[in-house]
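# Structural characterization, general
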Amino acid sequence: MKKNSVGVVTPQYFTFAEPPDTLQLKSGRSVGPVTLAYEAYGKLNARKSNAILVCHALSGDAHAAGFHDGDAAAGWWDDMIGPGKALDTNLYYVICSNVIGGCKGSTGPSSINPETGKPYALDFPMITIADMVEAERYLIDFFGIEKLLCVIGGSMGGMQALQWASAYPERIIAAIPIATALKHSPQQIAFDEVIRQSIMADPDWRGGYYYEHGQPEKGLAVARMIGHITFMSDQSMEEKFSRKLKNDNLSFQFIDDFEVEGYLRYRGYNFVKRFDANSYLYITKAMDYFDLSGDKFMPIVKKTAVRFLVISFKSDWLYPTHQSQEIVRLLKRKHAYTTYFDLISTYGHDAFLIEIEDETRLIKNFLANVSPD
Amino acid sequence: MSALIERIVINMKSDHQIIASIINKGAHVLDLGCGNGELLAFLMQQKKALVQGIELDENQMHQCVERGLTVLQGDIESGLVDYPDKSFDFVILNQIMQQIKKADFVIQESLRVGKQVIVGFPNFAHIKARLTLVFRGKTPINEALPYYWFETPNIRFLTISDFIDYCGKKEIKIEQQYYLGKSYPVHFMPNLFAQNALFVITRK
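In this numbering scheme, every chain counts its residues from 1 along its sequence in written order. Think of it this way: whatever chain is written first is A, whatever ligand is written first is 1, and the rest follow in order. With pLDDT at 70 or above as the cut-off, local features in this predicted model cover only qualifying residues; side-chain atom pairs require 80 or more to be listed or tallied, and sums for whole chains, interfaces and linings still use all residues. For side-chain calculations, the full set of non-hydrogen atoms in the structure is used, while hydrogens and water are omitted.

Attention now goes to a nonpolar patch on the surface. Patch membership requires more than 30% relative accessible area and the absence of a salt bridge. Residues of like charge join within 9 Å; the nonpolar side chains Val, Leu, Ile, Met, Phe, Trp and Tyr join within 5 Å. Here the Shrake-Rupley method, with its probe set to 1.4 Å, supplies the accessible areas, and only the displayed protein chains count as covering residues. Just to be clear on terms, a salt bridge is a Lys or Arg side-chain nitrogen sitting within 4 Å of an Asp or Glu carboxyl oxygen. Where nonpolar side chains cluster on the molecular surface, the patch consists of B:L131, B:L133, B:V134 and B:F135 and spans about 440 Å² of accessible area. Position of B:L133 relative to the elements: it lies in helix α6 (residues 127–136). Note on conventions: DSSP H or I runs of at least 4 residues are helices, E runs of at least 2 residues are strands, and numbering of each starts at the N terminus.

Given below as structure tokens:
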């Protein structure tokens, strides 16, 4: 067991919007019942004023910290969550839930449609970031938490943090959007579209209704490979792989000669084992639809008391610095007291998962001055 | 050199005290080029001010966050554009004017964003500076201008008279003025005897 770990954790499940209720979605459609898988670390204080909501990125899940029983690998942000860490579980109650539309225990396209007894597949309604936050709001209500001390997340998790601030400014004290944007640029939408097309081009996708036959493995693996290229930087790839060969010689065949090829294949095919192809389609679409630019951000609020810590990374070309600066510009217009850092890193978009030392220093100090009163 | 720096620190501290005496309790304050946040932390502590800093240097910014300040990484020239008119009770430009490229633009923008603007700068017309230049033929180095020519961050050298002229030309109202010697206020011929000046200005 690693030092300062939250230890063994068990996923929990919360179900809402049960008949006759449904969850009304931004698309105009509705869905129900909805289950959210979540984990929580630390102790909720008597006033319920020390809760921090962690929002995960595209392929993340509720397992942010600690270990599942018998599992060797820790949660996806274990370096940031635990006793004495940036999100100090001695002080805070840290909650992380899998998004609606996901495939890690929350209701999504691979869940059973109660009307048919079969997986929803493409009958599942389109999901937006606002819908994800709405579902999270139900979870926070279920905990009886009136005000979150902070909502934090990187990438799509950062979008959720911004959405929380925009939709429920009165219910959060601080927000920490990391390596994210107010809206996807055409370049980001383009990458997502290529990712979706690679899944949909696989005959095993079967129009989305593949659950009886198994995943569209090739398409999903290629989709993930594209993703991984965008998560790294030119420099981090040079440092990690350079032009190193897997074997000593070039094969003069179409096999993975270079280490970078092997890495992408490994990552791609591992992903197939753990992630549902349709969820990848739904969630990338949700990110493309996200747009809180201009007047769409905090539409009814002229001045906000929500405190922000915005973080970007210099080598992140998927969510480049200027997109975080755009967030900061919008926050200035809302008179928001904002701390913004463009951190030095060579890791590209992955930096928010890797640059733990700088993030810890910042987030710890920032949170130390965020008080529930 | 170290004794010199120590004296500057004392001088700066009296700067901070004057600024703290100018601003009212609970004021919204923006400090452009806030450095390590010493002044803002002082204002937060003494005046319960709500403070926002803008700074470019990452190490200094980390120190600000450690002090519990909100600080944006950005340059001063572009840092003000998005703030609505009169967002702050005070905008502070302390010991930074001599280092910014578009000084006029930054002052005008500060007057738009802040109800009042506090400007502090070293007076290049101080008698010691004048004597150094005239008799020694050398670029002045003193408590307020502690740098050699090859290492100075200062790109413009202004005097108290220059600044007063500027305010007159640009129809800027000088609300208050403070002139500082090494560690004492100067009342007589400030352009000659003050090392540092602090002005509180507003738009006419």
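Residues A:F297, A:F308, B:F163 and B:I201 are the most contacted members of the largest nonpolar core, which totals 111 residues. Contacts are assigned to residue pairs with any non-hydrogen atoms lying within 4.5 Å of each other. Every residue in contact with A:F308, bar those within four places of it in the chain, is listed here: A:A165, A:A175, A:P177, A:F297, A:M298, A:L331, A:A336, A:Y337, A:T338, A:T339 and A:F366. Residues belong to one nonpolar core when they are buried, are Ala, Val, Leu, Ile, Met, Phe, Trp, Tyr or Cys, and are joined through side-chain atoms within 4.5 Å. For the exposure calls, accessible area comes from a 1.4 Å probe over protein chains only, and a residue counts as buried if that area is under 20% of its type's maximum, exposed if over 50%, partly exposed in between. Core analysis: the next-biggest nonpolar cluster, separate from the first, contains 62 residues, A:W77, A:I363, B:V29 and B:F42 among them.

Another point: the environment of A:G157. Residue and element names in this part refer to chain A. Within the secondary structure layout, G157 lies in helix α2 (residues 156–167). On a C-alpha basis, the gap between G157 and K147 in space is 19 Å, while along the polypeptide they are 10 residues apart. Once residues within four sequence positions are removed from consideration, G157 is found in contact with C55, H56 and A57.

All names here are of chain B. With respect to the element layout, I172 can be found in strand β6 (residues 172–180). Take I172: its relative accessible area is 4%, and that puts it in the buried class. Expressed as a C-alpha distance, the spacing of I172 and L111, which sit 61 residues apart in the sequence, is 8.9 Å. Residues in contact with I172, not counting those within four places in the same chain, are I107, Q108, L111, Y166, C167, I201, T202 and K204.

Residues and elements named next belong to chain A. Close contact between helix α4 (residues 217–231) and helix α6 (residues 259–274) brings their axes to 8 Å; oriented N to C, the two are set at 125°. With respect to their mutual orientation, α4 and α6 come out oblique. Handedness of the crossing formed by α4 with α6: right-handed. Here E217, K218, L220, A221, R224, M225, H228 and I229 of α4 come into contact with α6, specifically with Y263, L264, R265, R267, G268, Y269, F271, V272 and R274. Axis definition: a line fitted to C-alpha atoms, over the contacting stretch in the case of helices. Angles run 0 to 180 degrees between N-to-C directions. Small angles under 35 degrees read as roughly parallel and large ones over 145 as roughly antiparallel, with 65 to 115 read as roughly perpendicular and the rest as oblique. Handedness of a crossing follows from how the near helix is turned relative to the far one, being left-handed for an anticlockwise turn of less than a right angle and right-handed for a clockwise one.

Using the criterion set out here, one finds 20 salt bridges over all chains in the structure. A:R265 is the salt-bridge partner of A:D256, the closest N and O atoms lying 3.8 Å from each other. The class of A:R265 is partly exposed, set by a relative accessible area of 34%. Between B:D104 and B:K170 there is a salt bridge, with the nearest N and O atoms lying 3.1 Å from each other. Taken together, the residues span a long stretch of sequence, with B:D104 in helix α5 (residues 103–113) and B:K170 in the loop between α7 (160–169) and β6 at a distance of 66 residues. Owing to a relative accessible area of 31%, B:D104 belongs among the partly exposed residues under this scheme. With relative accessibility at 39%, the residue B:K170 sits in the partly exposed group. Through salt bridges with shared partners, one network takes in A:E134, A:R137, A:D141 and A:R171.

Okay, helix α7 (residues 277–289) of chain A next. Residue and element names in this part refer to chain A. By this rule, a helix spans an expected 1.5 Å times one less than how many residues it contains. Compared with the 18 Å implied by 1.5 Å per residue over 13 residues, the 19 Å span of α7 between its first and last C-alpha is a close match. Counted residue by residue, α7 has 11 buried out of 13 residues, so it is predominantly covered. Listing the buried residues of α7 in full gives A277, N278, S279, Y280, L281, Y282, I283, T284, A286, M287 and D288. Those residues of α7 hidden inside the fold are in contact with α1 (129–143), α2, α3 (186–200), α4 and α6.

We now examine the interface of chain A and chain B. Every contact between the two is made by 21 residues of chain A and, on the other side, 23 residues of chain B. Summed over both partners, buried area is the accessible surface (1.4 Å probe) that two parts give up on being assembled. Surface buried jointly by chain A and chain B totals about 2,000 Å² across both partners, of which 53% is contributed by carbon and sulfur atoms. On the chain A side of the contact with chain B, A:K332, A:Y337 and A:F341 bury the most area, a combined 35% of that side's loss. Linking chain A with chain B are 2 salt bridges, by the criterion used here. Here B:D82 and A:R333 are joined by a salt bridge, their closest N and O atoms 3.3 Å apart.

The next thing to look at is the pairing of strand β1 (residues 28–32) of chain B. All names here are of chain B. Along β1, 4 of the 5 residues are buried, which leaves the element largely enclosed by surrounding structure. Strands are labelled as partners when DSSP assigns at least two bridges between them. Pairing between β1 and strand β2 (residues 50–55): 5 bridges, direction parallel. Residue pairing in the sheet places V29 in a bridge with V51 of β2. Note on handedness: a clockwise path from strand one over the helix to strand two, with the strands aimed away from the viewer, defines a right-handed crossover. The parallel pair β1 and β2, bridged by helix α2 (residues 38–47), forms a crossover whose chirality is right-handed. Sheet topology note: the β1/strand β4 (residues 88–94) ladder contains 3 bridges and is parallel. Its bridge partner lying in β4, L30 is registered against V91.

Bringing the side chain of A:Q188 into the picture now. By the secondary structure assignment, A:Q188 is in helix α3. Beyond its immediate sequence surroundings of up to four residues, A:Q188 is in contact with A:K183, A:D288, A:L318, A:Y319, A:P320 and A:Q323.

Two descriptors summarise a pair of aromatic rings, namely the distance from one centre to the other and the angle between the planes of the rings. By convention, a stacked pair of Phe, Tyr or Trp rings (six-membered ring in the case of Trp) has centres within 6.5 Å and planes under 30 degrees apart, an edge-to-face pair has planes over 60 apart, and any other such pair is tilted. Applying the stated criterion to the full structure yields 28 aromatic pairs over all chains. Aromatic pair B:F121 and B:F163: ring centres 5.2 Å apart, planes at 50°, arrangement tilted. On the criterion of sequence distance, the pair formed by B:F121 in strand β5 (residues 114–122) and B:F163 in helix α7 is long-range, its members being 42 residues apart. The exposure class of B:F121 is buried, given its relative accessible area of 0%. With a relative accessible area of 2%, B:F163 lands in the buried category. Taken together, the aromatic side chains of A:F14, A:F16, A:Y38, A:Y93, A:Y138, A:F142 and A:F143 make up a single cluster linked through ring pairs. The lysine or arginine in question, A:R137, covers the ring of A:Y138, its NZ or CZ lying 4.9 Å from the ring centre. Stacked on the ring of A:F271, the Lys or Arg A:R224 has its end atom at 4.3 Å from the ring centre. The criterion for a charge sitting over a ring is simple: Lys NZ or Arg CZ within 6 Å of the ring centre, and within 35 degrees of the ring normal.

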